[in-house]
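Okay, here's what each chain looks like letter by letter:
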Amino acid sequence: MPELPEVETVRRGLAPVMEGRRILRAEVRRPDLRWPLPERMAERLTGARIARLGRRSKYILADLDTGETWLMHLGMSGRMLVSGRILGDHVHAHPAASVHDHVVVEMEGGARVTFNDPRRFGAMDLMPSAEAERHRLLAGLGPEPLGNAFNEAYLVGRLQGRKMPMKAALLDQKVVAGLGNIYVCEALFRAGISPLRRAHRVASRRLAALVPAIRAVLEDAIAAGGSSLRDYRQADGELGYFQHSFDVYGREGASCRRAECTGTVRRAVQSGRSTFYCPACQR
């Protein structure tokens with residue numbers, strides 16, 4: 001499942017061809033993805049101008065001048081691919097149509113944006129923009145980890161007294177929005193905190209140190225275009241490269257990359273998911 005850096009990378013790739021531009025034609029080629037698509041979705045999108053292309057957690061949100069917001073979620077294998085005239089005279093040829101191309105929009109300016117999703121775990125919805133924060137997929141989400149509301153005092157307050165393992169606490173989307181398995185492992189490594197340690201047993205100063213670690217790993221991943229695991233691609237079809245910089249994720253049995261540490265990366269299973277950490281320097 002794409003995490004925050006992958007979704008933000010896709011949003012940034014889509015913004016030049018979608019933000020401020022009108023949807024000349026929308027085509028919806030099936031009635032559902034993970035859930036049923038909105039009624040008359042193609043009709044409601046066609047002719048609308050995208051005033052703003054934003055992101056909330058792992059969702060891309062396009063605010064339309066019709067007063068509606070178009071919500072998009074990539075799911076496990078969804079991709080938003082851009083073709084046609086991108087910027088100026090730069091042109092990407094339209095790819096051959098695929099049976100997995102489920103939603104296609106022709107944009108003002110000559111670009112085509114195609115949502116391709118072989119497994120159909122993605123999702124789309126249309127909702128009144130004024131009610132977006134109350135949408136069932138967005139209501140109750142914690143603050144954005146790159147925003148001002150996510151700070152040291154907030155994280156310490158939310159995690160103190162919680163008896164769940166640190167990794168599980170950070171994966172709780174009500175605590176912080178958008179973090180997933182990969183970047184929680186990486187952030188905990190940078191902060192020197194074991195993913196197995198119970199949150200209520202981590203000192204406040206160490207919890208506070210997690211905030212800059214989380215921000216740094218997300219910013220580094222966004223700068224590298226995300227991590228290409230399985231099906232993930234950027235909007236232009238290119239791979240992301242942050243997976244080549246992982247300190248612990250997927251490195252079971254490898255030497256710890258911390259200069260002063262002689263430990264070896266281990267793998268544990270928490271709630272059915274792989275956790276990677278160095279037991280020598282993460283306490």
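What you are looking at is a predicted structure, and each value in this text was computed from that prediction instead of being measured.

Reading guide: rules and limits
- Residues numbered from 1 in each chain as written.
- Predicted model: local features only at pLDDT ≥ 70, side-chain atom pairs only at ≥ 80, totals over all residues.
- Heavy atoms only, no water.
- Helix = DSSP H or I, 4+ residues; strand = E, 2+ residues; numbered from the N terminus.
- Buried < 20%, exposed > 50% of the residue type's maximum accessible area, 1.4 Å probe, protein only.
- Contact = heavy atoms within 4.5 Å.
- Polar contact = N/O pair within 3.5 Å; in protein donor to acceptor, adjacent residues only side chain to side chain.
- Phe/Tyr/Trp six-rings, centres within 6.5 Å; stacked < 30°, edge-to-face > 60°.
- Lys NZ or Arg CZ within 6 Å of the ring centre and 35° of its normal.

A. A look at unusual backbone geometry. Its identity as a non-glycine residue notwithstanding, R40 has a phi of 50°, on the positive side. Mapped onto the elements, R40 comes out in the loop between β1 (23-28) and α2 (41-45). With a phi close to 50°, S271 is a non-glycine residue in the positive phi region. According to the relative accessible area criterion, S271 is exposed, its value standing at 75%.

B. Region of interest: the environment of E27. Structurally, E27 can be placed in strand β1. For the pair E27 and M72, spaced 45 residues apart in the sequence, the C-alpha separation amounts to 15 Å. Setting aside residues up to four positions removed in sequence, E27 forms contacts with H102, V103 and V104.

C. Structural view of helix α3 (residues 152-159). Those residues of α3 not exposed but buried are Y154, L155, V156 and L159. Contacts from the buried residues of α3 go to α4 (166-171) and α6 (204-223). The opening residue of α3, the one whose side-chain oxygen lies 3.3 Å from the backbone nitrogen of A153, is N151. After α3 finishes, the residue G161 shows a positive phi value of roughly 90°.

D. Representation of the packing of aromatic side chains. Under the definition given, this model contains three aromatic pairs. With a centroid separation of 5.5 Å and an interplanar angle of 75°, the aromatic rings of F246 and Y249 are classed as edge-to-face. Side by side, F246 and Y249 carry an identical accessibility label, which is buried. Ring geometry for Y249 against F276: centres 5.0 Å apart, planes inclined by 65°, an arrangement best described as edge-to-face. Note that Y249 is positioned in the loop between α6 and β10 (266-270) and F276 in strand β11 (residues 273-277), a separation of 27 residues in sequence. No difference in accessibility class separates Y249 from F276, as the two residues are buried. Ring pairing ties together the aromatic residues F246, Y249 and F276, which thus form one cluster. The positively charged end of R258 is found above the aromatic ring belonging to F189, 4.3 Å away from the centroid.

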